[in-house]
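So the chains spell out like this:
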Amino acid sequence: MIKVSNLTKRFVGRTAVDAISFNVEPGEIVGFLGPNGAGKTTTIRILTGYMPATSGSAMIAGHDIFKESLKAQQRIGYMPENVPLYDDMRVKEYLRFRALLKGMRGREAKNGIAEAIDLCGLSEMRSKMIGTLSKGYRQRVGLADALIHNPELLILDEPTNGLDPNQIRRVRKLIKQLGLSHTILISTHILSEVEMTCDRVIILDRGKIRAADTPKNLIKHLRTAGHISIEINAAADIAANAIKKIPRVKKVIKESTEQEWTRFTVRAESGTDVREDIVKLANENNWALREIHSHGASLEDVFVELTQSPPTD
Amino acid sequence: MAFTITACVLLGIIILCLLKFLAGGTGLVLLGKELRSFFFSPIAWVVLALVMLLNGLSFTAALADLREGERSVTLTAYTFNSIQFWLAYFFIFPVITMRLFAEEQKLGTIETLLTAPVTTIQLLLAKYLAAVCFYIILWLPSLLNFMLFQMNSTDDHASIGSLAGSYTIILLVGMFNIAIGCLASALTKNQLVAAMTCFTFCLLHFLLGFILQNLSVPDAFRETVTHFSTQIHVRAFIDGLIDTRQIIYYTSFSVLLLSITYHVLEFRKWKV
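Residues numbered from 1 in each chain as written. Chains lettered and ligands numbered in written order. Predicted model: local features only at pLDDT ≥ 70, side-chain atom pairs only at ≥ 80, totals over all residues. Heavy atoms only, no water.

Asks: Tell me about the nonpolar core, and please be specific about residues and values.
Replies: Grouped together as the largest cluster of nonpolar side chains are 153 residues, with contacts concentrated most on Ile2, Phe22, Leu47 and Leu299 of chain A together with Ile92, Tyr135 and Trp139 of chain B. Leave out the neighbours within four places in its chain, and Leu299 of chain A touches Leu33, Leu191, Val194, Glu195, Val201, Pro215, Leu218 and Ile219 of chain A. (Core = buried A, V, L, I, M, F, W, Y, C linked by side-chain atoms within 4.5 Å. Buried < 20%, exposed > 50% of the residue type's maximum accessible area, 1.4 Å probe, protein only. Contact = heavy atoms within 4.5 Å.)

Next up, the structure:
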């Protein structure tokens, strides 16, 4: 559906997107992840034909976005960051304008509008002025606009930005539902969102792709995956040294002491479980152990690891 | 000969642009939306009311003066050469053009517009033509004044030729100044800056000729510049002299200004 090869965008004095290549297959929900200023919005603006790339190419459903921009744009439903809307229009009126703009006429437009209103839960708001809507409803109007012409591809730039938890949950559910019949590219920096909705994640940092895989695989391949917290009744220094000697343990951090109990965070190599070794060690030394708990790695760990390392170039 | 060729080329460009604008009906959808945003905002009604008031005043003043006795000027000349007319003339253009592109850029809606299957030329012409349509509507009530007068008068003070000339030049300078406003609005996100820029350039164009009067420049130069002055054109047309040179001048400059605006809007597509 999307084919990007060697896409570069240079602004005066800085490179926003640096020779990135990726594909998005039909039917996928792909998360576009990265810290602020990583080049997500720039990439999306290139993909939607709003600005050209400095070099490289981008194909949408087989159409080059620069040479056949109108044909490509017809296939995209795009919701920009912050959802710009006309405040002096009514919801229905705005959606009608957008439907006509996207080449829908007569009955087709009418049905498209009705479906989009229904799908985004805007029935009660259809006659309200956009200027009077809450942020959550504005977001939904933006989404309704993006999917009104039933495009093959939806590109959503930070769709849950600035929403409250209930609204986020609703938008997420909607995206999942839309994912059944559309290809979706979501840009976001909210990790739980990606973990819950996306089939595949592309992590972008300083204009370069750092990783592109399923959320599960990314976590599996993480170097410092997860950690174990333990609370043990032993002399802190001796216990720490003993635990450190267990093979595959990378780091032991003393968190706090409460009378004779000490709390540690233990980090081990990715894909290994050292809990058994710790219990064995405690038994051998006759240390009382009142808590041992493994925290699995999250996408957040992957994100932090990939985007906090110093730039390689 | 050269004149005919220029006219033909100009006509060709205009027809070509209009065809592009009408392709697929998208241009008309945009035009409808623009007209709607004129008449659903208070600006249109305030401007319409003020222009009607000023026109009414200048018309009444002209009638009052003509009642005093024989005068060497016609009713139309009186009406369209009054202070009220020029006052309206200067505030109309900044007010109706300032929001055209500046507002879209400020709201960010320019992004949703240009990522829909819309070409820049369709967007530009929709906005320009909407402003021109609104401008035409602004002047229609004043035409009513003359028609009422004509119905109740045996005199020929408002002759057809003079009226035709007046409204032709009003349309021509309108198209030209709205094109200036479009360009000013496309250059900034700030509506006030757009309005001020538009006002300044409209004024400068009006004052061409005056500015040089007290400066020591060669006579030939002064004379050449004076040819471009709006005020002189307006006077000639009001007398019923429909001069094709001026028609070509205003139309070609409108096209030039709009093409500059087009390139300003396309600037984001430049590979810098």
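We are not done yet, so read on.
Asks: An account of the packing of aromatic side chains is needed here, citing residue identities and associated values.
Replies: Per the stated rule, a full pass over the model turns up 28 aromatic pairs over all chains. Each ring, one from Phe80 of chain B and one from Tyr167 of chain B, has its centre 5.6 Å from the other, and the planes form 90°; the classification is edge-to-face. One end of the pair, Phe80 of chain B, is in helix α4 (residues 75-80); the other, Tyr167 of chain B, is in helix α9 (residues 160-186), with 87 residues separating them in the sequence. Phe80 of chain B sits in the buried class, given a relative accessible area of 1%. Judged by its relative accessible area of 17%, Tyr167 of chain B falls in the buried class. With 6.3 Å between their ring centres and 35° between their planes, Phe85 of chain B and Tyr89 of chain B make a pair best called tilted. Here Phe85 of chain B and its partner Tyr89 of chain B are both found in helix α5 (residues 83-97), four residues apart, which amounts to about one turn of the helix. As far as the burial class goes, Phe85 of chain B and Tyr89 of chain B line up, both buried. The ring of Phe97 of chain A is capped by Lys33 of chain B, whose NZ or CZ atom sits 5.7 Å from the centre of that ring. (Phe/Tyr/Trp six-rings, centres within 6.5 Å; stacked < 30°, edge-to-face > 60°. Helix = DSSP H or I, 4+ residues; strand = E, 2+ residues; numbered from the N terminus. Lys NZ or Arg CZ within 6 Å of the ring centre and 35° of its normal.)

Asks: Account for the pattern of salt bridges, with residues named and values stated.
Replies: All names here are of chain A. Scanning the entire structure with this criterion turns up 23 salt bridges over all chains. For Lys208, the salt bridge identified is with Asp18, shortest N-O distance 3.6 Å. Linking Lys208 in strand β10 (residues 208-213) with Asp18 in strand β2 (residues 14-24), this pair joins segments that are 190 residues apart in sequence. Under the relative-accessibility criterion, Asp18 is labelled partly exposed at 27%. Through salt bridges that share partners, Glu231, Glu258, Arg263, Arg290 and Glu291 make up one connected network. (Salt bridge = Lys/Arg side-chain N within 4 Å of Asp/Glu carboxyl O.)

Honestly, that's just the spatial picture; any functional story needs more than this.
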